[in-house]
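Residue-level listing of the chains:
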Amino acid sequence: MTFYYRPLVQHGPARPDGALPLAGGPLWFTHVEALARGHAPQVIPADDLPDHDLAPLIAPRAPLAGLAMDRPNVMGILNTTPDSFSDGGRHHDPEAALAGARAMIAAGADILDIGGESTRPGAQEVPAEEEIARTAPVIAAIRAEGATPISIDTRKAPVARAALDAGADLVNDVAGFTFDADLAPLCAARAVPVCVMHALGDPETMQQDPRYDDVLLDVYDFLAARIAALEAQGIPRARIVTDPGIGFGKTRNHNLALLGGLALFHGLGCPILLGASRKRFIGTIGGEPRAEARAPGSIAVGLAGLAQGVQLLRVHDVRETVQALRLWQAVRDN
Ligand code: HH2
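From a predicted model like this one, the values you see are computed outputs, not experimental measurements. (Residues numbered from 1 in each chain as written. Predicted model: local features only at pLDDT ≥ 70, side-chain atom pairs only at ≥ 80, totals over all residues. Heavy atoms only, no water.)

Peer 1: Quick question: what am I supposed to make of the site of the ligand here?
Peer 2: In the vicinity of the ligand there are 18 residues, among which Ser84, Ser118, Thr119, Asp243 and Lys279 approach most closely. One of the side-chain nitrogen or oxygen atoms of aspartate 153 is found 2.8 Å away from a nitrogen atom of the ligand. Measuring from an oxygen atom of the ligand, one finds a side-chain N or O atom of histidine 316 at 2.8 Å. A total of 480 Å² of accessible area belongs to the ligand in isolation, and the protein chains cover 99% of it. When atom positions are compared with the pocket grids, the ligand is found to occupy the largest pocket. (Near = heavy atom within 4 Å. Polar contact = N/O pair within 3.5 Å; in protein donor to acceptor, adjacent residues only side chain to side chain. Areas by Shrake-Rupley, 256 points an atom, 1.4 Å probe, with all protein chains shown as cover. 1 Å grid on protein atoms, 1.4 Å probe; cavity = no way out; pocket = protein on both sides within 12 Å on 5 of 7 lines; lining within 4 Å. Sits in = over half its atoms within 2 Å of the grid points.)

Peer 1: It is not clear to me how the sheet that holds strand S4 (residues 31–35) should be interpreted in this structure. Could you clarify?
Peer 2: The strands making up a sheet associate through hydrogen bonds between their backbones, and the pairing can be parallel or antiparallel. Taken in spatial order, the 3 strands line up as S1-S4-S5 in an open sheet, and their pairing is antiparallel. Looking at strand neighbours, the two that pair on one side only are strand S1 (4–7) and strand S5 (42–45), the edges of this open sheet. Sheet twist, expressed as the mean angle between neighbouring strand axes with direction ignored, is 35 degrees. (Pairing = 2+ DSSP bridges. Helix = DSSP H or I, 4+ residues; strand = E, 2+ residues; numbered from the N terminus. Axes fitted to C-alpha atoms, helices over the stretch in contact; angles between N-to-C directions.)

Peer 1: What exactly am I supposed to notice about the packing of helix H6 (residues 215–232) against helix H7 (residues 252–260) here?
Peer 2: The description of two helices packed together rests on the angle between their axes and the distance between the axes. Contact geometry for H6 and H7: axes closest at 9 Å, N-to-C directions at 70 degrees. It follows from the interaxial angle that H6 and H7 lie roughly perpendicular. In this structure, H6 meets H7 at a crossing whose hand is right-handed. Along the contact surface, H6 presents Val215, Leu216 and Val219, while H7 presents His254, Ala257 and Leu258. (Parallel < 35°, antiparallel > 145°, perpendicular 65-115°, else oblique. Left-handed = near helix turned anticlockwise from the far one by under 90°. Contact = heavy atoms within 4.5 Å.)

Peer 1: Can you help me understand helix H9 (residues 295–306) in this one?
Peer 2: Each turn of an α-helix holds 3.6 residues, which means side chains three or four residues apart point in the same direction. Taking 1.5 Å of rise per residue, 12 residues should cover 16 Å, and H9 covers 16 Å from first to last C-alpha, within 8% of that figure. Residues Ala295, Ser298, Ile299, Val301, Gly302, Gly305 and Leu306 constitute the buried set of H9. Viewed end-on, H9 has its buried residues packed into an arc of 165 degrees, placing them on one side of the element. Where H9 is buried, its residues meet H7, strand S12 (273–274), helix H8 (280–286), strand S13 (312–315) and helix H10 (318–333). (Expected span 1.5 Å × (residues − 1). Buried < 20%, exposed > 50% of the residue type's maximum accessible area, 1.4 Å probe, protein only. Arc of directions from axis to C-beta.)

Peer 1: How should unusual backbone geometry be read in this particular structure?
Peer 2: Note: most residues except glycine have negative phi, and most peptide bonds are trans. Its identity as a non-glycine residue notwithstanding, alanine 23 has a phi of 50 degrees, on the positive side. With respect to the helices and strands, the residue alanine 23 is situated in the loop between strand S2 (20–21) and strand S3 (28–29). You can call alanine 23 buried: its relative accessible area is 4%. Within the chain, aspartate 209 stands out as a residue other than glycine whose phi angle is a positive 55 degrees. Relative to the helices and strands, aspartate 209 is located in the loop between strand S10 (194–197) and H6. Classification of aspartate 209 by relative accessible area gives exposed; the value is 53%.

Peer 1: I keep staring at the pairing of strand S6 (residues 73–79) and nothing clicks. Help me out?
Peer 2: Moving residue by residue along a regular strand, the side chains alternate between the two faces of the sheet. In terms of burial, S6 is largely enclosed, as 7 of its 7 residues are buried. Side chains Asn73, Met75, Ile77 and Asn79 of S6 all project onto a buried face; the interleaved residues Val74, Gly76 and Leu78 project onto the opposite face, where all are buried too. Bridge analysis of S6 against S13 gives 4 bridges, and the strand direction is parallel. Residue asparagine 73 lies in a different strand from S13, and its bridge partner there is leucine 312. Here 5 bridges tie S6 to strand S7 (residues 111–115), and the two strands are oriented parallel to one another. Bridge pairing in S7 links leucine 78 to isoleucine 114. After leaving S6, the chain enters helix H2 (residues 94–106) and then returns to the sheet as S7, a path that is right-handed. (Right-handed = clockwise from strand over helix to strand, strands pointing away.)

So, in C-alpha cells, the structure goes:
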C-alpha cells in the first residue's frame, strides 16, 4: 500500500519544540494526515514518517528565477490573447500589454506570466507563429524596461524559444510537458526553471465529464511522474515548480478537494504554484457570473493556499492580492 502524507500546516508563535519547518519556510507542522487509496485518512505525528517521505516536506526550496521560495510570490497574469476567459482582448495590443505589465509591476507583482493562447475550456489551439507574434515582442519590451522575472505560458517549444530569446526566465506549461516533446529538452539546454501543471485532457474537451479515482492522489501521482520524466531529461528538481491545475479537467468538487489538500504537494519537494484566479468555480460558489468581478473570491482562495505554504499565486488582480497578502502576513507574524 502506498501512503501519501499531507502536513497539517500551522503558523504563529505557539510553536511546540520539535515542530518541523514546512519547505524551509516560516510555516510549520507537527502532524501529518496519512492518506492511502481505499483507506480512511489517519492523523499521525510527523516524527513517525520514514525519512525519505519527511525530507522533501521540510527541505528549503532553491530560489527560482531570482525569487526566494521561503515566502509567497505574486505572479501577475498578462494574456496577450483576444479570447481569454476573464481578460481576453484587454492586452491583445502590444502597447496595452506593456501598460498592463507596468501596472502590475507597480502594484507589486513579483513575476509576470505572459500567455498568447487561451486555455479556457473549449478553446482551440493557436498556431505557434501567431502565439510568438503575440508574446515575444511584449516580453522584449518588458525586459527592456527592467529586471522583473517573466514567465512564458505556453505548451510549445518554438514559442518558448522565442520567449527565452526575448528575455523570459521561466517556462510554464499547462500541459505538463506532454504536448510538445521538444519543450523539456529546450528548457534543459537553456537551464531555465519550469512549471509543470496537471491537466486532464486538452482545453477543447477537458470539462466534458472529468473523472478520477481519487483526485488528490491521482494529480499527485501524475505530477510525481512528470517530475521524474523532466529530471530524466536534464531538468533538476530544484528548477521545477508544480501546480495541481485548478479548473483543468476538474469539477467544482475536484477543485475543492485539491484546494483542501494542497499541502500534500509539498511532498514532491518543489515549490507549489496555485492558479485559481477568477476561475469558474469561484463564480459558481461566490454567486458572481462576471469573471472580472471575482477578485474577492480569488483572494479568499489564494489566502487559503498561502496558509498551506503555496509559494506562487498566479492572479489577475495583483494590487488587491498584494494588499491581502501583506495583511495576512502582518497578522501571522505579529
Ligand atoms: N491557468 C490558466 C493559464 N495558465 N498556468 C498555471 N501554471 N496554472 C494555472 O492555473 C493556469 C495557467 C488559465 O487562466 P487564464 O490565463 O486567466 O485564462 P486563459 O487560459 O483563458 O488565457
